[in-house]
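Residue strings, one per chain:
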Amino acid sequence: MKNLIKLTSSVVPILSENIDTDQIIPARFLKATTKEGFGENLFRDWRYNADNTPKADFILNDPTYKGEILVAGKNFGCGSSREHAAWALADYGFRVVISSFFADIFKGNALNNGILPIQVSDEVLQKIFREVEKNHQFQLTVDLEREVVSLESREAIPFEINPYKKMCLINGYDDIDYLLSMKDKIEVYEASRPFNF
């Protein structure tokens, strides 16, 4: 995975609440077993008409909104536990998702796939939405080491993250990469153990 330490980016706002994993990536696109290509179908039914033409009024089709940070309404990632939702977000290019609440399984899937879910208060979320509405190039800075998200350097908002997952994101590790990073220590430990058969 690509590591994440500090990121400054403009944001893509989706104000809807209760965005479930079937809206993030519809079930008919779950046939693939690799992570590549899912970004094409991120929010597929919201992005495209039945004839596959882009819906002009959907945010991902508006060229004035770009960035690696998705800001979404409360209860993001609810519904089924499909990991493909995180795959689709990552493949599209999102590194961070900010909301005032995340479904637990989605949160775990996001962290396992290199996406940082940042939970903020409802008030902060609405503040971000207002700032982006005024300026489509409004930027946020996410500092994972300090565990703060800054609104164009004016206000630093703390967030919480599991220390192990923080270390994995900073180093670009998934769980297997973490174990491999400990290989030398594991070998030393194993060599020191008496084997009794």
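Located above this text is the structure these notes cover.
These figures come from a predicted structure and were not determined experimentally. (Residues numbered from 1 in each chain as written. Predicted model: local features only at pLDDT ≥ 70, side-chain atom pairs only at ≥ 80, totals over all residues. Heavy atoms only, no water.)

Colleague: Just checking my understanding: could you explain the overall build of the protein for this structure?
Modeller: Within the protein, the secondary structure is distributed over eight helices and seven strands. Projected onto the principal axes, the alpha-carbon positions of the protein cover approximately 70 × 45 × 25 Å. Taken over 197 residues, the protein has a buried fraction of 44%. Restricting to contacts in the protein with at least 6 residues of sequence separation, those with at least 24 account for 64%. Once the 23 positive and 29 negative side-chain charges of the protein are each reduced to a mean point, those two points are 1 Å apart. (Helix = DSSP H or I, 4+ residues; strand = E, 2+ residues; numbered from the N terminus. Buried < 20%, exposed > 50% of the residue type's maximum accessible area, 1.4 Å probe, protein only. Contact = heavy atoms within 4.5 Å. Lys, Arg positive; Asp, Glu negative; His and termini not counted. Charge placed at Lys NZ, Arg CZ, Asp CG, Glu CD.)

Colleague: Which parts of the structure should I look at to understand helix 5 (residues 122–134)?
Modeller: With 13 residues, helix 5 ought to run about 18 Å at 1.5 Å a step, and its terminal C-alpha atoms sit 19 Å apart, in line with that. Considered for burial, the residues of helix 5 that qualify are Val-124, Leu-125, Ile-128, Phe-129, Glu-131 and Val-132. Taken down its axis, helix 5 places every buried residue within 165 degrees of arc, on the same side. Residues Glu-123, Glu-133 and Lys-134 are exposed on helix 5 and point more than 90 degrees away from its buried face. On its buried face, helix 5 sits against strand 1 (6–14), strand 2 (69–72), strand 3 (96–99), strand 5 (139–143), strand 6 (148–151) and strand 7 (156–158). (Expected span 1.5 Å × (residues − 1). Arc of directions from axis to C-beta.)

Colleague: Help me understand a nonpolar patch on the surface in this model?
Modeller: Together, Ile-176, Leu-179, Leu-180 and Ile-186 make up an exposed nonpolar region whose accessible area comes to about 390 Å². Among the elements that make up the nonpolar patch, the one with the highest residue count is helix 7 (residues 175–181) (three residues). Along the chain, Ile-176 turns up in helix 7. (Patch = residues over 30% accessible without salt bridge, like charges linked within 9 Å, V, L, I, M, F, W, Y side chains within 5 Å. Areas by Shrake-Rupley, 256 points an atom, 1.4 Å probe, with all protein chains shown as cover. Salt bridge = Lys/Arg side-chain N within 4 Å of Asp/Glu carboxyl O.)

Colleague: It is not clear to me how the sheet that holds strand 1 should be interpreted in this structure. Could you clarify?
Modeller: Hydrogen bonds along the backbone pair up the strands of a sheet, which may run parallel or antiparallel. Taken in spatial order, the seven strands of this open sheet run 4-3-2-1-5-6-7, and their pairing is mixed. Edge positions in the sheet fall to strand 4 (116–119) and strand 7, since each has one partner strand and no second. Neighbour-to-neighbour, the strand axes of the sheet open up by a mean angle of 30 degrees, direction not taken into account. Of the pairings in the sheet, the one linking strand 3 to strand 4 comprises four bridges and is parallel in character. What sits directly across from Ile-98, in strand 4, is Ile-118. (Pairing = 2+ DSSP bridges. Axes fitted to C-alpha atoms, helices over the stretch in contact; angles between N-to-C directions.)

Colleague: Looking at this structure, I do not really get the nonpolar core. What am I missing?
Modeller: Taken as a class, soluble globular proteins show a tendency for nonpolar side chains to be buried jointly. One finds Phe-43, Phe-76, Leu-89, Ile-98, Leu-116 and Leu-140 to be the most contacted residues of the largest nonpolar core, which totals 55 residues. Setting aside its immediate chain neighbours within four residues, Leu-140 contacts Leu-7, Thr-8, Ser-9, Val-11, Ile-69, Val-71, Ile-98, Ile-128, Val-149, Ser-150 and Leu-151. (Core = buried A, V, L, I, M, F, W, Y, C linked by side-chain atoms within 4.5 Å.)

Colleague: Sorry, what's going on with the pattern of salt bridges here?
Modeller: Any two side chains of opposite charge can pair, on the condition that their charged atoms come close. Scanning all chains against the criterion turns up nine salt bridges. Its salt-bridge partner being Asp-45, residue Arg-28 comes within 2.5 Å of it at the nearest N-O pair. With a gap of 17 residues between them, Arg-28 in the loop between helix 1 (21–24) and helix 2 (44–47) and Asp-45 in helix 2 connect regions that are remote in the sequence. Its relative accessible area of 46% is what places Arg-28 among the partly exposed residues. Residue Asp-45 is classed as partly exposed on the basis of its relative accessible area, which comes to 37%. Taking the shortest distance from any N to any O, the salt bridge between Glu-190 and Arg-193 comes out at 3.3 Å. On the basis of relative accessibility, which here comes to 30%, the residue Glu-190 falls in the partly exposed class.

Colleague: Help me understand the packing of aromatic side chains in this model?
Modeller: Any two aromatic rings considered together are summarised by their centre-to-centre distance and by the angle between their planes. Per the stated rule, a full pass over the model turns up nine aromatic pairs. On the numbers, 5.2 Å between centres and 80 degrees between planes, the contact of Phe-76 with Phe-106 is edge-to-face. Residue Phe-76 is located in the loop between strand 2 and helix 3 (84–92), and its partner Phe-106 is located in helix 4 (residues 104–112); the two are separated by 30 residues in the primary sequence. Classification of Phe-76 by relative accessible area gives buried; the value is 0%. According to the relative accessible area criterion, Phe-106 is buried, its value standing at 3%. Of the aromatic side chains, those joined through ring pairs into one cluster are Phe-43, Trp-46 and Phe-58. Note that Arg-44 overlies the ring of Tyr-48, its terminal NZ or CZ placed 4.3 Å from the centroid. (Phe/Tyr/Trp six-rings, centres within 6.5 Å; stacked < 30°, edge-to-face > 60°. Lys NZ or Arg CZ within 6 Å of the ring centre and 35° of its normal.)

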